[in-house]
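# Structural features, examined
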Amino acid sequence: MCTQEGFQAQRSRLVGLLVSGSLEGFESILDWLLSWEVLSWEDYESLSLLGQPLSLLARRLLDIVWSKGTWGCEQLIAAIQEAQADGKTPEQHGRWDPHSTHPAHELQSHRPAIIRRLYSHVEGVLGLAREQGFISQYECDGIRLPVFTSSQQARRLLDLATVKANGLAAFLLQHAQELPALMALPCEAAACRKYVSKLRTTIAAQSRFLSTYDGAENLCLEDIYTENVLEARMDNGPPGSPQKSPATLGLEELFHMHGQLNKDADTVLVVGEAGSGKSTLLQRLHLLWAAGRHFQEFLFVFPFSCRQLQHLAKPLSLRTLLFEHCCWPDVGQQDVFRVLLDRPDRVLLTFDGFDEFRFRFSDGERHCSPTDPTSVQNLLFNLLQGNLLKNARKVLTSRPEAVSALLRKYVCVELGLKGFSEEGIELYMRKHHREPGVADRLLRLLRATSALHGLCRLPVFAWIASRCHRELLQDGGGSLRTTTDMYLLILQHFLLHASPPDTAPHGLGPIVLRGRLPTLLHLGCLAFRGLGTCCYVFSGKQLQAAQVDAEDISLGFLAPAKSQGVPGTSAPLEFLHITFQCFFAALFLVLSADTPPTLLRHLFNCRRPGSSPLARLLPRLCVQGSECRESGLAALLQKAEPHNLQITAAFLAGLLSREHRDLLAECQASGKALLQRHACARWCLVRSLRQHFHSIPPAVSGEAKSLHAMPRFLWLVRSLYEMQEERLAREAVRGLSVGHLKLTFCGVGPPECTALAFVLRHLRRPVALQLDHNSVGDMGVEQLLPCLGVCKALYLRDNNISDRGICKLIEHALPCEQLQKLALFNNKLTDDCAHSMAKLLACKQNFLALRLGNNRFTAVGATVLAEGLRSNSSLQFLGFWGNRVGDEGAQALAEALGGHQSLKWLSLVGNNIGSMGAQALALMLERNVVLEELCLEENHLRDEGVGSLAEGLKRNSSLKVLKLSNNCITYFGAEALLQALERNDTILEVWLRGNAFSPEEMGELSRRDTRLLF
């Protein structure tokens, strides 16, 4: 029995059940409720409004059913069960009377069975009804709208029969009786089973071998796949509440996250920088589904590549997209497509590489017909919006720069692919090198070379290190610091591999490069033209135009594209990865004799025509207008995607560095041209950073001047690092006079930390460096160490940092006089780093703030930290919220802080502190004469603990704010506080929100003392 009270208690779960499937499932529930007369016709019409969000309709249904009492609540539960079982069993419900004297009522009473009988026959029934004059052509066309599934068309026909009194209801009763009963679920039909089997086989074949990075296709995905760090940012609740750490997911949990951005959307967005493993992640998903191991809630999976889709010039329909460009049904195409439309919740579509789709997302043109053709971009955009195949799941991967705010409106969950953890790097190398000792030697080398180790966080660099392990082990890897170094290493590997064994020299020397210069220029020309036209898959005609021949292809940087191509023609080719295309484009600009130095202004401008002045980080070079004509190369640069140009520009800066410029100069006739290009690149970078610094608004009175850097600032810094010139870095930041540098949510990982440290260590004034909500990790912390000397504060919230990273940071921070503040919220710190924290407090007598909220400290760590506090006389802010110190830890901290002479703010929110801990804190209040704010929300103080704190307040003369929200306090505890407040004029606020007070009690207490806040 389901009571109304029990029904209300289950409301959230019921809403989840009603919206978890498709609109088809919701309407099936309405069919049962209508047939049992739980819903009136007016109720049903209010729940059948087109265009309303399913969640809104579900809540409206619950309100209607609840108003009908216990019986109605029970009937809804029964209807949900019937709807869930309806499609899985043959028709088994009672027959109707085809000659009933009340045909409309009979149609309603047997509505679910009649809809099921009409399924697959709606078109024929409509034709007969039209011939016999029961419905008009207008009504027939309305029912036939392609936006409706077959079941929905049947429902609309029955709805029409209910309101028409011309015999249509009697006709439907009689004709439906003559139709054959549907003996099984549509998806169990032979045609559908055959198609699903073919789809699984096709996708299994496509996903078996690793298709990214290695064109030889000799890497079995099952053998070498390594889990990547996949994070979903959690909903942080109302403003002012403690922020939650991102949730780390396994691939199998991809669809288990509740909507964080738009709960009515169906698209999961996976963002990650180039080379972070997005394509491989999707390939793994496809393989797991095809093998029947995971994601079996989906009957159909359709994988697409955006770089392939953008080449479809002809208009196409949804049916054409799924069948002609993914997998063709050998039989029963119409039946299979009908099942897809009827059960969109069983469909998964994946779109890889949205950043390589040359069309920008727009929701201006709506397209709802699954059979009418439209442009490929309009088809994709309407699928993402849910105008087509609503309730089908979509997974979209992209680099973050290509995701607009408009697109995010149609995303239910956004996940970030962060690259390998340190354990992931080790596992990856061991999977690739099973020979005894090889993986161990390679891992030792990586750990000893911190910059290289940081780069290998991204799978593309891990692959390069693995592929070139012999060269690395032979040379020691010590000279590899930059991204350009790594790509020159893989270039060397491929060039030497293609040379005869007895003639191949050691290393990448001028002889090797000169011998392959035509090949490098051909590939570079192809890459450059591709970037300029947003083309990443090349036909035979494009290869011929760039003079790329079979010998050039044999080098290994081009591989067959993952599409079938056009029958009868050679398979199209693509670079192993977009970063390789950018690298060869940069190589072309450096080595080509046709590249004027002034062309680099377009590369470093990196903006679209019409972009706002704020987006222009790089100026045009000052050249006379009469002499400045846009060449074909410049026009291509202006049309290229900005994020690809940024990668290309960073490579170009690296190739023009002093270390590599001498090598490249020996490969071309004019060393002077290289020097001119180098000078131009240097001028661009320095001028751009200075212009960026000059655009910083003046400081607010009383605050430090701050710079909230954008991702393009990071690109400039990385380009400076690629050039590896200390003098250039010093010159670039000479004009920076800010007190606070903010780089939050900028995708900062270990490579970016390396570049930041390289540049920022030349600052003349100390700066507060804020890197919250990034992917710094332990490896990134290690890369930041060279710039600690210029940091007066370091903010590293939400950065996946462990004890190892923080211990190393503190070890290097001890001699840094400038560093006075550390913020480490939301990381993975435990008691094991408490000794380092205590040492920091004991040794640095100018240290001001330590914030350790939402980590994993217990009473053990708090006790160790208390020892450091006893020796410290400077700390003003200590944040310890969201840990697990309990009463014992609170006692240790309280004893250490009783006589502390500087601490003004202490937060112990959410630490499982009870009355014993409160007693210790009360004694601390009696002795402490400087503490101004004490935060104890979300604990278990109760009235007993509050009584102890009240006693402490009577003897305290410094505390101004006491926060006691959510502590199970009753009126008796508040009474004790009132008595203390009568004797304490210093305290200004006592927070008591979320405790056990009635509205009347809150009103009375507020009247007695306005300092009590509810």
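Residues numbered from 1 in each chain as written. Predicted model: local features only at pLDDT ≥ 70, side-chain atom pairs only at ≥ 80, totals over all residues. Heavy atoms only, no water.

Okay, the side chain of S874 next. By the element assignment, S874 lies in the loop between α43 (859-870) and β16 (877-879). Residue S874 is classed as buried on the basis of its relative accessible area of 10%. For S874, the side chain forms a polar contact with the main-chain oxygen of Q845, separated by 3.2 Å. Leaving out residues up to four positions away in the same chain, S874 has contacts with K844, Q845, N846, F847, L848, H900 and S902. (Helix = DSSP H or I, 4+ residues; strand = E, 2+ residues; numbered from the N terminus. Buried < 20%, exposed > 50% of the residue type's maximum accessible area, 1.4 Å probe, protein only. Polar contact = N/O pair within 3.5 Å; in protein donor to acceptor, adjacent residues only side chain to side chain. Contact = heavy atoms within 4.5 Å.)

Further remarks concern helix α41 (residues 803-813). Looking only at α41, the buried set comprises D803, G805, I806, L809, I810 and A813. Taken end-on, α41 shows its buried residues confined to a sector of 160°, consistent with a single buried face. Turning to α41, the residues buried within the fold contact α40 (777-784), β13 (791-795), β14 (821-823) and α42 (834-843). (Arc of directions from axis to C-beta.)

Here the focus is the pairing of strand β4 (residues 300-305). The element β4 is largely enclosed, with a buried count of 5 among its 6 residues. Examined bridge by bridge, β4 and strand β5 (residues 347-352) share 6 bridges and lie parallel to one another. Directly across from P303, in β5, lies its bridge partner T350. (Pairing = 2+ DSSP bridges.)

What follows covers the nonpolar core. Counting 281 residues, the largest nonpolar core has L254, F300, F302 and L964 as its most contacted members. In terms of residues, this core owes the most to one element, helix α31 (residues 578-591), which gives 12 residues. Residues contacting F302, with those up to four places away along its chain left out, are Y195, L199, L322, C326, L340, V347, L348, L349 and T350. (Core = buried A, V, L, I, M, F, W, Y, C linked by side-chain atoms within 4.5 Å.)

For the rest of this paragraph, the subject is the packing of helix α28 (residues 517-532) against helix α33 (residues 632-639). Close contact between α28 and α33 brings their axes to 7 Å; oriented N to C, the two are set at 50°. When the axes of α28 and α33 are compared, the pair comes out oblique. Mapping the contact onto sequence places F528, R529 and G532 in α28 and L633, L636, L637 and K639 in α33. Counted by class, the contact of α28 with α33 contains 4 nonpolar, 1 polar and 2 charged residues. (Axes fitted to C-alpha atoms, helices over the stretch in contact; angles between N-to-C directions. Parallel < 35°, antiparallel > 145°, perpendicular 65-115°, else oblique. Nonpolar A, V, L, I, M, F, W, Y, C, P; charged D, E, K, R; others polar.)

Our next topic: unusual backbone geometry. Even without a glycine there, the phi angle at F295 is positive, about 60°. With respect to the secondary-structure elements, F295 resides in the loop between α15 (278-290) and β4. At N800, a position not held by glycine, the phi torsion is positive, near 60°. Position of N800 relative to the elements: it lies in the loop between β13 and α41. What makes N800 partly exposed here is its relative accessible area of 31%.

This paragraph deals with the side chain of N855. Structurally, N855 is set in the loop between β15 (849-851) and α43. Within the structure, N855 has its side chain in polar contact with the backbone nitrogen of L829 (distance 3.1 Å). Within the structure, the side chain of N855 is placed 3.2 Å from the backbone oxygen of G853, a separation counted as a polar contact. For N855, the contacting residues outside a window of four places in its chain are L824, F825, N826, N827, K828, L829, G882 and N883.

Attention shifts here to the pairing of β13. In terms of burial, β13 is a largely internal element, 4 of the 5 residues being buried. Taken together, strand β12 (residues 767-770), α40 and β13 constitute a β-α-β crossover, and its handedness is right-handed. Sheet topology note: the β13/β14 ladder contains 3 bridges and is parallel. Its bridge partner being in β14, L794 is matched across the sheet by L822. (Right-handed = clockwise from strand over helix to strand, strands pointing away.)

What follows is about the environment of K639. Structurally, K639 can be placed in helix α33. We classify K639 as exposed; its relative accessible area is 55%. In sequence terms K639 and C534 are 105 residues apart; their C-alpha atoms lie 8.0 Å from each other. K639 has contacts with G532 and C534, leaving out every residue within four places of it along the chain.

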